[in-house]
Amino acid sequence: MKANDFRKREGFNGQKLIVLPKKIINDFLNSDAITRQLHITDIGYYPKARFHYAERNAGIGQHILIYCLEGFGWVEINKERIEIGPSEFVVIPKNSSHRYGASEHKPWTIYWIHFKGELAGYIVELILKNAANFQPKLAYNEERIALFDDIYHTLEMGYSSDALRYVSMTFSHFLSSLMYERKFTNPDHKTEEDIVERSVGFMKEKIQTSVTLSELAEFSRLSVSHFSSIFKAKTGYSPIEYFNHLKIQHACQYLSFTDMSVKQVAITLGIHDPYYFTRMFTRLMGVSPTAYRKKQEHAF
């Protein structure tokens, strides 16, 4: 008998599976201010899922996340085949034609989640933007597994509004661990390889001075144009604009927690024209430094 004859969607020794009731999805998840942004509709764990196979020519109305812990499998999205191995995950966008299955000889062990929500599509776009062929590779991390287990256990205990909101927010954290693995794996790691992070650190050291674009580029050992291009691609802002944001961030702290005048705050931050400082502060914060200080007096 051929292996294809044994293909099955579920029914694996030690498997876990929760499908949230449609009533819960319609009555709460789709309408609550928190959960409507991002929520899980199905979640499961299939260990050593031999003969696991699924095929959906028209896709489904949820995005699918498959995270492979060990073993091997494959996923085909819009007729593009992707091989999946240990510590790799794949995201299948909703309504995408797809098939997937476990390796015959070393079947995968997978965590999987179906999810949707107002932010779900944008999150999937961010994941795919930084992934080759839908398939980013990760380092194994017990904290990430613990997040999944926490989500599953919470849903096992029922569908109270607090539980569903907690799951939604925890799932956001789980997704961030996939999207920004280096920060999740070691948030205190100060890499010497990341030019932008080192440049931001340099900006913080020089926050009370005036720094030119040429100085920032020289610090990074790149040409001005190359440095500017890399910096804006990662942060969305030009280096000097980002530096000004950091200055205004510190200005807010001075205005909130000290009695320094607006002029003193400006000079402390290396801006010797208080009128220029006021204009920049107002443009970025939407209110003048003086108005900001008055507002903060009633905020604590």
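Keep in mind the model is a prediction, meaning the values are calculated, not measured.

### Notes on the sheet that holds strand β3 (residues 53–56)
- Pairing is antiparallel in the open sheet, where 4 strands are placed in the order β3-β8-β5-β6. Edge positions in the sheet fall to β3 and β6 (80–84), since each of these pairs with one other strand and no more. Averaged over all neighbouring strand pairs, the angle between strand axes comes to 10°, with direction disregarded.
- Examined bridge by bridge, strand β5 (residues 73–77) and strand β8 (residues 98–102) share 5 bridges and lie antiparallel to one another. The partner of Gly73 across the bridge, within β8, is Ala102.

### Describing the pairing of β8
- Burial analysis of β8 places 4 of its 5 residues in the buried class, the great majority of the element.
- Pairing of β3 with β8, which is carried by 4 bridges, proceeds in the antiparallel orientation. Note that in β8 the partner of Ala54 across the bridge is Tyr100.

### Observations regarding the nonpolar core
- In this structure, Ile43, Phe171 and Phe174 are the most contacted members of the largest nonpolar core, which totals 34 residues.
- Every element with two or more residues in this core is listed here: α1 (22–29), β2 (39–46), β4 (63–70), β7 (88–92), β9 (109–116), α2 (120–129), α3 (142–156) and α4 (161–179).
- Looking at this core element by element, the count peaks at 7 residues for α4.
- The residues touching Phe171, leaving out its near neighbours within four places in the chain, are Leu38, Ile40, Ile113, Phe115 and Ile151.
- If you look at the next biggest cluster of nonpolar residues, it comprises 28 residues, including Val211, Phe243, Val265 and Ala266.

The rules we used
Residues numbered from 1 in each chain as written. Predicted model: local features only at pLDDT ≥ 70, side-chain atom pairs only at ≥ 80, totals over all residues. Heavy atoms only, no water. Pairing = 2+ DSSP bridges. Helix = DSSP H or I, 4+ residues; strand = E, 2+ residues; numbered from the N terminus. Axes fitted to C-alpha atoms, helices over the stretch in contact; angles between N-to-C directions. Buried < 20%, exposed > 50% of the residue type's maximum accessible area, 1.4 Å probe, protein only. Core = buried A, V, L, I, M, F, W, Y, C linked by side-chain atoms within 4.5 Å. Contact = heavy atoms within 4.5 Å.

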